[in-house]
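An overview of the molecular structure
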Amino acid sequence: MTKTPEEKRAWYIGAKESQVADVAILIGDPGRIDRIALHLDDVERIPVNRGLQTITGTRNGCRITASAFGMGAPIAVVVMEELRALGVRSFLRIGTAMAASGRSLGDFVLADSALRREGTSDSYAPPGYPAVSDPELNAIILKHLAQQERPYGAGMFASYDGFYSQMFDLPSSRGGVRDALLSDIEKFGLIGADMETSALLVAGRMLGARTSSLCVATVDPITQKKLDIEDMAAAEKDLFEIAIESLSSSTLQETR
Ligand SMILES: O=P(O)(O)O[C@H]1O[C@H](CO)[C@@H](O)[C@H]1O
Ligand SMILES: O=c1cc[nH]c(=O)[nH]1
């Protein structure tokens, strides 16, 4: 008797092609998966592997996948690669970022581009290759941002590998580790800084997928003041809604 071949599962995220949508939300913190699941209907959960968790649910009949990668560019693009190989065509990273250039804690910051200060994007494209968001995806996100009340801005991000060595000083010693970040903010008018956006924009484009990144401003890079937990919880709910509403847009779903 011949066996029916089993549908292939992605190596690390463990999902099969039939278990993912055309559009995916890429999340850092795995704790956000259970919380975004509350904003979706008919949620299917793929078992957690290496801390990586993927779910697929629906909003108004449109399927949407959400995957958590943890922290940092190398693992973020592993998750993107596997989802892309399973057929995902549009990616939106959502999460938190340092934000400058007139943005306040709790604001939304949308990347239109990003300075490549991480190393992962070098494995996809040479240094002169730009990290830019998909303009059509950003136009959809901007339309939804304009219809809600939270302040927002769009502009250039920068992404760094070293959280404590490049972005966030420990309170005591090691003065000066953030000099490059502070100089980048001043010189290039950065709107946001995180650890993954530039790598995802480059990898996404090289893989033929629409990609963008929308974050909540949670840390002031100059004072290192942080958004408090209650305000973050409210901002996170708004972020989930913008992401889900944007990715269920007919323009993106029509790419099927
Ligand atoms: O809130 P998330 O999406 O995890 O993003 C940010 O938080 C982590 C560091 O604080 C990094 O992953 C950074 O990019
Ligand atoms: O300080 C911060 C806050 C969010 N994301 C980062 O990468 N750094």
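These numbers were taken from a predicted model, which means no experiment stands behind them.

The next point concerns the overall build of the protein chain. For the protein chain, the count of helices and strands is eight helices and 10 strands. For 256 residues, the compact-globule estimate of 2.2 N^0.38 gives 18 Å, and the C-alpha radius of gyration of the protein chain, at 18 Å, lies within 12% of that figure. Along the longest, intermediate and shortest principal axes, the C-alpha atoms of the protein chain span 70 × 40 × 30 Å. Residue burial in the protein chain is summarised as follows: out of 256 residues, 48% are buried. In the protein chain, the share of contacts with a sequence separation of at least 24, taken over all contacts with a separation of at least 6, comes to 78%.

This paragraph deals with unusual backbone geometry. Backbone geometry follows two general trends: most residues other than glycine have a negative phi, and most peptide bonds adopt the trans configuration. The backbone of Asn-60 shows a phi angle near 50°, a positive value even though the residue is not glycine. Tracing the backbone through its elements, the reader meets Asn-60 in the loop between strand E3 (52-59) and strand E4 (62-68). Accessibility expressed as a C-beta count within 10 Å gives 8 for Asn-60, which makes it exposed. Phi is positive for Gln-224, which is not a glycine, with a value near 65°. For Gln-224, the position within the fold is in the loop between strand E10 (210-219) and helix H7 (229-247). A tally of 13 C-beta atoms within 10 Å means that Gln-224 is categorised as partly exposed.

Another aspect to go through is the site of ligand 1. All residues in the neighbourhood of ligand 1 are listed as Gly-28, Asp-29, Met-71, Gly-95, Thr-96, Phe-163, Asp-194, Met-195 and Glu-196. In terms of residue class, the shell around ligand 1 is made up of three nonpolar, three polar and three charged.

Of all hydrophobic cores here, the largest spans 76 residues; its most connected members are Ala-24, Ile-25, Leu-26, Leu-214 and Ala-243. Of the residues forming this core, the biggest block, seven residues, is contributed by H7.

What surrounds ligand 2 is the set Thr-96, Ala-97, Met-98, Met-167, Phe-168, Asp-194, Met-195, Thr-218 and Val-219. For the shell around ligand 2, the leading source of residues is strand E5 (residues 90-99), giving three residues. When the residues that make up the shell around ligand 2 are grouped by side-chain class, the tally is six nonpolar, two polar and one charged.

At a closest axis distance of 9 Å, the pairing of helix H2 (residues 73-85) and helix H6 (residues 197-206) adopts a crossing angle of 30°. With respect to H6, the axis of H2 lies roughly parallel. Classified by chirality, the crossing of H6 by H2 is right-handed. Contacts from Ala-73, Ala-76, Val-77 and Met-80 of H2 reach H6 at Ala-199, Leu-200, Ala-203 and Gly-204.

Right, let's talk about the pairing of E10 for a bit. The buried fraction of E10 is high, at 10 of 10 residues. Relative to E10, E5 runs parallel, the two being bridged by nine bridges. Paired with Thr-96 across the bridge in E10 is Val-216. As judged from the three bridges shared by strand E6 (residues 108-117) and E10, these two strands associate in the antiparallel manner. Paired with Phe-108 across the strands is Val-216, a residue of E10.

Counting buried residues along H6, eight of its 10 residues qualify, which places the element largely inside the surrounding structure. A positive phi of about 75° marks Gly-208, the residue just after H6.

Looking down a regular strand, the side chains alternate between one sheet face and the other. Where burial is concerned, most of strand E1 (residues 23-27) is hidden: five out of the five residues are buried. Across four bridges, the pairing between E1 and E4 is parallel. In the strand pairing of E4, Ile-27 is matched with Ala-68.

All right, on to the confidence of the model for the protein chain then. Confidence along the protein chain averages 94 in pLDDT terms, with 96% of residues attaining 70 or more. As scored by the predictor, the complex reaches a pTM of 0.96 and an ipTM of 0.95.

For the rest of this paragraph, the subject is the environment of Asp-122. Of note, Asp-122 is situated in the loop between E6 and strand E7 (131-132). The spacing of Asp-122 and Val-202 is 80 residues in sequence and 8.9 Å in space, taken between C-alpha atoms.

To characterise two packed helices, one gives the angle between the axes of the helices and the distance between these axes. Here helix H3 (residues 135-146) crosses H7 at 130°, and the two axes come no closer than 9 Å. Relative to H7, the element H3 lies oblique. Judged by the sense of rotation from one axis to the other, the crossing of H3 with H7 is right-handed. Between H3, through Ile-140, Ile-141, His-144 and Leu-145, and H7, the contact on the second element is made entirely by Ile-242, Glu-245 and Ser-246. A class-by-class count of the residues in the contact of H3 with H7 yields four nonpolar, two polar and one charged.

Parameters at a glance
Residue indices begin from 1 for each chain and proceed along its sequence in written order. Here the convention is simple: chains get letters from A, ligands get numbers from 1, in the order in which they are written. Since the coordinates come from a predicted model, pLDDT governs what is reported: local features require at least 70, and pairs of side-chain atoms require 80 or more to be given and counted, while whole-chain, interface and lining totals use all residues. For helices the rule is a DSSP run of H or I covering at least 4 residues; for strands it is a run of E covering at least 2, with both sets numbered from the N terminus onward. Radius of gyration here is computed from C-alpha atoms only, and the compact-globule reference equals 2.2 Å multiplied by the residue count raised to the power 0.38. Exposure classes come from backbone-placed C-beta atoms, where a residue is buried if 20 or more other C-beta atoms lie within 10 Å of its own, exposed if 12 or fewer do, and partly exposed in between. Think of it this way: build a C-beta for each residue from its backbone, and any pair within 7 Å is a contact. In this entry, near means the residue's backbone-placed C-beta atom lies within 6 Å of the molecule or strand. Gly counts as polar in this scheme, as do all residues outside two lists: the nonpolar Ala, Val, Leu, Ile, Met, Phe, Trp, Tyr, Cys and Pro, and the charged Asp, Glu, Lys and Arg. By our criterion, buried Ala, Val, Leu, Ile, Met, Phe, Trp, Tyr and Cys residues that link up through C-beta atoms within 7 Å make up a nonpolar core. A fitted line through C-alpha atoms serves as each axis, taken over the contacting stretch for helices, and the angle formed by two N-to-C directions is quoted from 0 to 180°. For classification purposes, angles smaller than 35 degrees are called roughly parallel, those larger than 145 roughly antiparallel, those between 65 and 115 roughly perpendicular, and all remaining angles oblique. Crossings are classed by handedness, with left-handed meaning an anticlockwise turn of the near helix from the far one by less than a right angle and right-handed meaning a clockwise turn. Strand pairing is assigned whenever DSSP detects at least two bridges linking the two strands. For every residue, the predictor states its confidence as a pLDDT score lying anywhere from 0 to 100.

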